[in-house]
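# Examination of the molecular architecture
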Amino acid sequence: MLVLLILHLVAALAAPLLVRRWGAHACYPLALAPAAAFCWAVARTPAVDHGRAVVETYPWIGQLGFDIALRLTTLSWLMTLLIGGVGALVLVYSARYFESGSAGLTQFAAVLVAFAGAMLLLVFADDLLLLYVGWELTTIFSYLLIGHSTERRSSRWAAAQALTVATLGGLAMLVGFILLGEHAGTYRWSEIATRPLPGGGYLVTAVLLILAGALSKSAVLPFNSWLPVAMAAPTPVSAYLHAAAMVKAGVYLLGLLAPALATVGPWRPVVQVAGLATMLLGGWAALRQTDLKLLLAYGTVSQLGLLVAVTGSGTPDAALAGVAMLLAHALFKASLFLVVGIIDHGAGTRDLRELSGLRHWSRPLFVVAVLAAASMAGVPPLVGFVAKEAVFAAFLHQPLLLAGFVAGTVLTVAYSVRFLWGAFSDRSGVEPVPPDRRIAGPMLAPPAVLAGVGLLAGPAAGWLDGLLRPYADLLGAVDAHLALWPGLTPALGLSVLALLGGGLLFAARGPLAPVLARLRSPASGNQGYEWVVGRFDRLAIEVTGATQRGSLPQYLGIILVTLVLLPGGAMIAASPWRARIPLWDSPLQPVVVVVIAVAAVLAVGARRRLTAMLLVGMTGYGTAMLFVLHGAPDLALTQFLVETATIAVFVLVLRRLPERFSARPLRRSRWTRRAIGVAAGVVAAGLALVAASSRRAPDISAAFPDLAVTHGYGRNVVNVTLVDIRAWDTMGEIAVLVVAATGVASLIFERSRTGPRPRRPESDRRVNRPGRPVWLRGGPTLYEERRSIVLEVVIRLIFHTVVLFSLFLLFSGHNAPGGGFSGGLVAGLALVVRYLAGGRYELTEAAPVGAGLVLGAGLAVSVGSGVVALLIGGQVLESAEINQSLPLIGEAHLVTSLFFDIGVYLVVVGLVLDILRSLGAEVDRHIEATGTAEGGLAVDKGERA
């Protein structure tokens, strides 16, 4: 089973290449993937016979107990046959339905194969969470397939509606799965079904949530509006998703869960009432349609209502009838959709008012349509008749449901005849439509195969009964049998009544036309959906207008008040305080805390932005001192460097802001803000104290010192943790840094950040004459009043020393304070002071390389170090120690995690360089371009002149 899933993934990834090479004919090799699933299921028929199951389990997330648990039973075996068989035929059909070079063909082929794989994952999954993954994947892929024609608004709207309805239902279903799984202690359905279930409101809630997901996926009231709208999709998509696969997911889920949950209070009333109502309303709506595809769409809604009501009833006879109808519906409805595609492809229209005499165009197509429509109407000897007989027989003792099913079947017969009449009859007053092309064999063969299987399956009802009965046996002893000739039974009489009633209803279509026009709901399901979406949009606008007023203090105040009221209130209510709380470990700690508090209070009252920024920086430096007093030099070093780099960034930004803050708020407002600040600070401190004192499990970091030496080969626990023990975390963090740098640059740069280096003006070239020593080449480009010769000389003297010191921190960090992050910050600060002293031209002289190149190289080195470890037989990012005696050097000791640290170093340097190029050099260029050079930090006097 896992191999089939991987096969579909590979085929989906290869689809774009195949389509580019072979065009629409690439659908032929792509059809081999679902065909392989069909053949595999056929080969497993003996294995699932008599109720046996094929099971595969692969470990995945061991700490969560989450494995890839796959299980094939009778129901999933039947679904696999439909997913694989119909999927392969639809792809063969698509090879001639689409023209080579058609817009979106590459995406269509890839997504359709991926959808087939997602459906297989859904029906194979034994784990409820894994089933949910497949469920949501089918939702996403169906969204892409329905919205295939992106240039049409109707397609985009239909795709969005299907996505919204299915996603909301899926989220509700997920909550229901979690309720069941957490109570049972496992998410394996094969185990949950054998365990006692919770009672009362707990189980009722779980069942209702799961039913919401199943009904929304299968377009059952009140979620039925999305399916007719989804007919904006190409016909192959409708034939596969809306006849054989996607819409069957909800029916499959009901069939899977019914043996265990059908007896729960709301289960049967919900599925039977919703299903029967959907069958009747969908059938009635189908009689009013003039578009053949919409007629089939509403007919599909009607038949899905029947399937839900029957399969979800949870009785043995109903279960057998339900799976038989599941098979029959997929065969006749997929075939009919493909027939409509051929008609539309050849005649250029699907409107039955404009079609006439098509049976003369292609007799084989007419025969295929008659067979499929007859099966849909329940005419013997087709499989649709066998399944409909089984449905009537299963509900003989439930007269209300039986009457509803008979009425629904009358409607089914009527719109089946209407389909044939509208598509193929010779009608007076309508000119015969001469199709402009003949039917290609690959287009006619798929619907013919499906209709032919429906014809053969009817006489083979006894053999089919033996294959499907093991599923019905899960619910108890089965009294009914699938048979082509069940004898003179009440069910046979009801079938004859339904056929006659449907024929009479169609025959009376003329007098009934005004009735059909009047008997409709005041608002369609699609209008209801639009109304709900419109109200939500309006509510969103009102809420946004009331809350998003552009006031940053207001936003922050709401967040802090929420923090105080919710977590703070819960903390006060629980009062999880320790008996004794030590106030400090060293007498110097209170002194540093006082300094931090004073700086914070002064920062709140500061009127100048630069003053406030420096005071905030003091709080950061004070925090670093607390790390020093607590015996954490590595953390202290990092905090000092981060705070210094942050101040530099603030300086770059503040030069484009007013010197002073805006007018202070009123006195009452000031006291309100102070109260919120004090309350938030107290709550944050209390939460930190409670979190630190509430540990129950052993601290995993207690083993880190020993692991650092034995596995990481280093004595600096902090650095070894970053590059070895928790290297995956660091990998994610540096990836975020790269994304952040890209985001900053994209917001600032008006041109490519990898463009040509800034060229020094003529004045600079005249000053820097050959033979004359120049401390900083960019210095002469600055205004004289903004130059500091002392700063330029000092920076020139210490720059290379600082860079060397950063490399020392990089290479010594495994055993002493330092590491790639600290070293990268030191190197970045060297570039900062070089820029502050000489401007953007000096920055280019100091770092004549693109920031993006440095960032990419750093990420590549870090990732590459992990891949190399995997290639030599270790685990990803696993460290190795290399001890080698070298000539002239002696004993050399190297740990491979150093290369990971080098990548971190490069990423940090690239980040600082990108910020300097964007917030520094690029802002300088903006200043010069707007003529506000006097406010700039580094200004090109040559360009100003």
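The structure reproduced in this document is the subject of the present report.

Cut-offs applied
- Each chain has its residues counted from 1, running along the sequence as written.
- In keeping with the model being predicted, local features are shown solely for residues with a pLDDT of at least 70 and side-chain atom pairs are shown and tallied solely at 80 or more, while totals for entire chains, interfaces and linings include all residues.
- By convention in this description, side-chain values take in all heavy atoms of the structure and omit both hydrogens and water.
- Per the convention used, a helix needs a DSSP run of H or I reaching at least four residues, while a strand needs a run of E reaching at least two, with both numbered from the N terminus.
- Throughout, exposure labels follow a simple rule: accessible area from a 1.4 Å probe, protein chains only, divided by the maximum for the residue type, with under 20% read as buried, over 50% as exposed, and the rest as partly exposed.
- Pairs of residues are marked as contacts when any of their non-hydrogen atoms sit within 4.5 Å.
- Residue burial considers only the protein chains on display, and all accessible areas are found by Shrake-Rupley using a 1.4 Å probe.
- Two rings belonging to Phe, Tyr or Trp (six-membered ring only in the last case) form a pair when the distance between their centres is within 6.5 Å. Interplanar angles under 30 degrees mark stacking, angles over 60 mark edge-to-face geometry, and anything in between is tilted.
- Inter-axis angles, ranging from 0 to 180 degrees, are taken between N-to-C directions of lines fitted to C-alpha atoms, where helices are fitted over the stretch in contact.
- To sort the angles, those under 35 degrees are grouped as roughly parallel, those over 145 as roughly antiparallel, those from 65 to 115 as roughly perpendicular, and the leftovers as oblique.
- Crossing handedness is defined as follows: a turn of the near helix away from the far one that is anticlockwise and smaller than a right angle gives a left-handed crossing, while the clockwise case is right-handed.
- Think of it as three bins: nonpolar holds Ala, Val, Leu, Ile, Met, Phe, Trp, Tyr, Cys and Pro, charged holds Asp, Glu, Lys and Arg, and polar takes everything else, Gly as well.
- Distance and chemistry together define a polar contact, namely a pair of N or O atoms within 3.5 Å, with one atom able to donate a hydrogen and the other to accept it when in protein, and with adjacent residues in sequence counting only for side-chain atoms on both sides.
- Among buried residues, the Ala, Val, Leu, Ile, Met, Phe, Trp, Tyr and Cys ones that are joined through side-chain atoms within 4.5 Å form a nonpolar core.
- Salt bridges are identified by distance alone: a Lys or Arg side-chain nitrogen within 4 Å of an Asp or Glu carboxyl oxygen.
- Note on pairing: two strands pair once DSSP finds at least 2 bridges between them.
- A helix is expected to reach a length of 1.5 Å times the quantity of its residues less one.
- The arc refers to the directions leading from the helix axis to the C-beta atoms.
- Patch construction takes residues with relative accessible area above 30% that form no salt bridge. Like charges are linked within 9 Å, and nonpolar side chains (Val, Leu, Ile, Met, Phe, Trp, Tyr) are linked within 5 Å.

Along the backbone of the protein there are 39 helices and four strands. Considering the protein as a whole, with its 945 residues, one finds that 49% of them fall into the buried category. For the protein, the share of sequence-separated contacts (at least 6 apart) that also reach a separation of at least 24 residues comes to 76%. On the protein, roughly 43400 Å² of surface is accessible, and the fraction owed to carbon and sulfur atoms is 67%.

A few words on unusual backbone geometry. In this model, Leu-221 is joined to Pro-222 through a cis peptide bond whose omega is 5°. Inspection of the secondary structure puts Pro-222 in the loop between α10 (200–217) and α11 (226–229). Here the bond from Pro-380 into Pro-381 is cis, since omega is 10°, no more than 30 degrees from zero. Take Pro-381: it is sitting in the loop between α17 (363–377) and α18 (383–394). Positive phi outside glycine occurs at Tyr-713, with the angle close to 60°. Locating Tyr-713 in the fold gives a position in the loop between α31 (704–710) and α32 (717–725).

Attention now moves to the packing of aromatic side chains. Inspection of the entire model under this criterion finds 10 aromatic pairs. With a centroid separation of 5.8 Å and an interplanar angle of 65°, the aromatic rings of Trp-40 and Phe-124 are classed as edge-to-face. Remark: Phe-124 occurs in helix α6 (residues 105–124) and Trp-40 occurs in helix α3 (residues 32–43); sequence separation between them is 84 residues. A residue is classified by how much of its surface remains accessible, and Trp-40, at 13% relative accessible area, is buried. Within the aromatic cluster, the residues linked to one another by ring pairs are Tyr-93, Tyr-97, Phe-98 and Phe-108.

For the rest of this paragraph, the subject is the side chain of Arg-188. Among the structural elements, Arg-188 can be located in the loop between α8 (153–184) and α9 (189–192). Setting aside residues up to four positions removed in sequence, Arg-188 forms contacts with Thr-57, Asp-67, Ala-69, Asp-126 and Asp-127.

Now for the packing of helix α5 (residues 74–97) against helix α20 (residues 441–457). Remark: α5 packs on α20, axes separated minimally by 7 Å, with the N-to-C direction vectors making an angle of 155°. As far as their axial angle goes, α20 and α5 are roughly antiparallel. Between α5 and α20 the crossing geometry is left-handed. Facing α5, whose interface residues are Val-86, Leu-89, Val-92, Tyr-93, Arg-96 and Tyr-97, α20 presents Pro-442, Met-443, Pro-446, Pro-447, Val-449 and Leu-450. Here the residues of the contact of α5 with α20 sort into 11 nonpolar, no polar and one charged.

Structurally, Thr-562 can be placed in helix α25 (residues 552–565). Considering only alpha carbons, one finds Thr-562 and Ala-680, 118 residues apart in sequence, at a separation of 9.4 Å.

In this fold, Asp-126 is placed in the loop between α6 and α7 (128–146). Engagement of the side chain of Asp-126 in a polar contact is seen with the side chain of Ser-190, the distance being 2.7 Å. For Asp-126, the contacting residues outside a window of four places in its chain are Ala-69, Leu-70, Arg-71, Tyr-187, Arg-188, Trp-189 and Ser-190.

Let us now look at the nonpolar core. Nonpolar side chains tend toward joint burial in soluble globular proteins. One finds Phe-124, Tyr-240, Trp-267, Ile-343 and Phe-405 to be the most contacted residues of the largest nonpolar core, which totals 200 residues. Setting aside chain neighbours within four positions, we find Ile-343 in contact with Leu-292, Gly-348, Thr-349, Leu-355, Leu-358, Leu-365, Ala-423 and Phe-424. Residues Phe-799, Ala-851, Ile-915 and Leu-916 belong to the second largest nonpolar core, which totals 38 residues.

Once that is clear, we can look at the pattern of salt bridges. Close approach of charged atoms lets side chains of opposite charge pair. Applying the stated criterion to the full structure yields eight salt bridges. For the salt bridge of Arg-188 with Asp-67, the shortest nitrogen-to-oxygen distance reads 3.6 Å. Taken together, the residues Arg-188 in the loop between α8 and α9 and Asp-67 in strand β2 (residues 66–72) connect sequence positions 121 residues apart. Taken as a pair, Arg-188 and Asp-67 share a single burial class, namely buried.

Counting buried positions over the seven residues of β2 gives six, a clear majority of the element. Here strand β1 (residues 54–61) runs beside β2; their pairing, made up of seven bridges, is antiparallel. Residue pairing in the sheet places Val-54 in a bridge with Leu-72 of β2.

Closest axis-to-axis distance for the α5/helix α16 (residues 316–347) pair is 11 Å, and the angle between their directions is 5°. One finds that α5 runs roughly parallel with respect to α16. Here Leu-75, Leu-78, Met-79, Leu-82, Val-86, Tyr-93, Arg-96 and Tyr-97 of α5 come into contact with α16, specifically with Val-323, Leu-326, Leu-327, Ala-330, Ala-334, Leu-338, Gly-341, Ile-342 and His-345.

This paragraph deals with the environment of Asp-465. Examined against the element boundaries, Asp-465 turns out to sit in helix α21 (residues 461–473). Along the primary structure Asp-465 and Ala-321 are separated by 144 residues, whereas in three dimensions their C-alpha atoms are 9.8 Å apart. Excluding its chain neighbours within four sequence positions, the residues that come into contact with Asp-465 are Leu-320, Ala-480, His-481 and Leu-482.

What follows deals with helix α22 (residues 490–507). With 18 residues, α22 extends 26 Å from end C-alpha to end C-alpha; this agrees with the ideal 26 Å at 1.5 Å per step. Buried residues of α22: Ala-491, Leu-492, Leu-494, Ser-495, Ala-498, Gly-502 and Phe-506, and no others. Buried residues of α22, viewed axially, fall in a sector of 160°; they line one side. Residues of α22 that are exposed and angled more than 90 degrees away from the buried face: Pro-490, Leu-500, Leu-504 and Ala-507.

On to a nonpolar patch on the surface, then. Residues Trp-531, Val-532, Phe-536, Leu-539 and Val-543 make up a contiguous nonpolar surface patch of roughly 530 Å² in combined accessible area. Inspection of the secondary structure assignment puts Leu-539 in helix α24 (residues 525–547).

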